[in-house]
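Take a look at the letters that make up each chain.
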Amino acid sequence: MKPTSTVAAFPPGRVAVGDVQVIETALPVEVHGVERMFRAFAFEGRSEEEQLLVLVHRQTGAEAVTPIVRVHSGCVTGDIFHSLRCDCYQQLQACLDIILAEPYGVIVYLPYHEGRGIGLFKKLQAYALQDRGIDTVDANTAIGVPVDARDYDLAAYALSHIGLTEMRLLTNNPAKQEALAARGIKVVERMPIIPEANKHNKRYLLTKRDRMGHDL
């Protein structure tokens, strides 16, 4: 891999603020065969299950730049195994490229948001119903879980902790912008990421557009 220069440093260390634990370190990542360096912050909330990762790419001198941010719900099937039933992997990779091309960018990765907050098992249970022709909204309702169970308290806390209260947000979901705004995070621009549909996720994407208000 070809190395690149590191990003501006943050003060090191581990802190505890109220119920939240925070740790910070360096994280080298391979992107398209090139080594890129992030500052990585891990946050743990009221339980061990409530954890998130913040990756910060900030060039020296970019402190005054309004950062571009992706708040990404974890998806084992998509992000790790590149499932074609969703657009999570496409969106994550597109956002990673956009952020690394900017002087200041951040990814907030929330593993506990799996399946829009219902967890891996329930997500696949809903998939099984979708195999029978039910869409993602009605499938969640049929198994007795919310259509969207995500909360953004810890994400907003993490962004504020690293000094971000204003940003450009990479999302197709207006509700995500509203949730962050309600927690004191100002979104000066919302930037949609339009995925390329395939035969496995076309209906899912149309449902997100038509029934969940996503920009697709």
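So, here is what we can say about the structure in this document. Computed from a predicted model, the values in this text were never measured in an experiment.

## Structural notes on the state of the cysteines
Two cysteines whose sulfur atoms are joined by a covalent bond form what is called a disulfide. The final tally for this structure, using the stated rule, is zero disulfides. In this structure Cys75 is not part of a disulfide, and its nearest cysteine sulfur, from Cys88, lies 3.7 Å away. Of the cysteine sulfurs around Cys86, a residue in no disulfide, the closest is that of Cys88, at 3.6 Å. The buried category is assigned to Cys86, whose relative accessible area is 6%.

## Details of a nonpolar patch on the surface
On the surface, a cluster of nonpolar side chains totalling about 470 Å² of accessible area is made up of Val76, Ile80, Phe81, Leu120 and Leu124. As for its position among the elements, Leu124 is in helix H4 (residues 120-130). Among the residues examined, Leu124 registers a relative accessible area of 42% and is labelled partly exposed.

## Points about the pattern of salt bridges
Inspection of the entire model under this criterion finds 13 salt bridges. In this structure, Glu24 and Arg39 form a salt bridge, with 2.5 Å as the shortest nitrogen-oxygen distance. Taken together, the residues Glu24 in strand E3 (residues 20-31) and Arg39 in strand E4 (residues 34-44) connect sequence positions 15 residues apart. Its relative accessible area of 8% is what places Glu24 among the buried residues. On the basis of relative accessibility, which here comes to 16%, the residue Arg39 falls in the buried class. Linking Arg85 and Asp131 is a salt bridge whose minimum nitrogen-to-oxygen distance equals 3.0 Å. With a gap of 46 residues between them, Arg85 in the loop between helix H1 (76-80) and helix H2 (88-100) and Asp131 in the loop between H4 and helix H5 (136-142) connect regions that are remote in the sequence.

Quick notes on the rules
Residues numbered from 1 in each chain as written. Predicted model: local features only at pLDDT ≥ 70, side-chain atom pairs only at ≥ 80, totals over all residues. Heavy atoms only, no water. Disulfide = S-S within 2.5 Å. Buried < 20%, exposed > 50% of the residue type's maximum accessible area, 1.4 Å probe, protein only. Patch = residues over 30% accessible without salt bridge, like charges linked within 9 Å, V, L, I, M, F, W, Y side chains within 5 Å. Areas by Shrake-Rupley, 256 points an atom, 1.4 Å probe, with all protein chains shown as cover. Salt bridge = Lys/Arg side-chain N within 4 Å of Asp/Glu carboxyl O. Helix = DSSP H or I, 4+ residues; strand = E, 2+ residues; numbered from the N terminus.

Worth remembering: the numbers are spatial, not functional.
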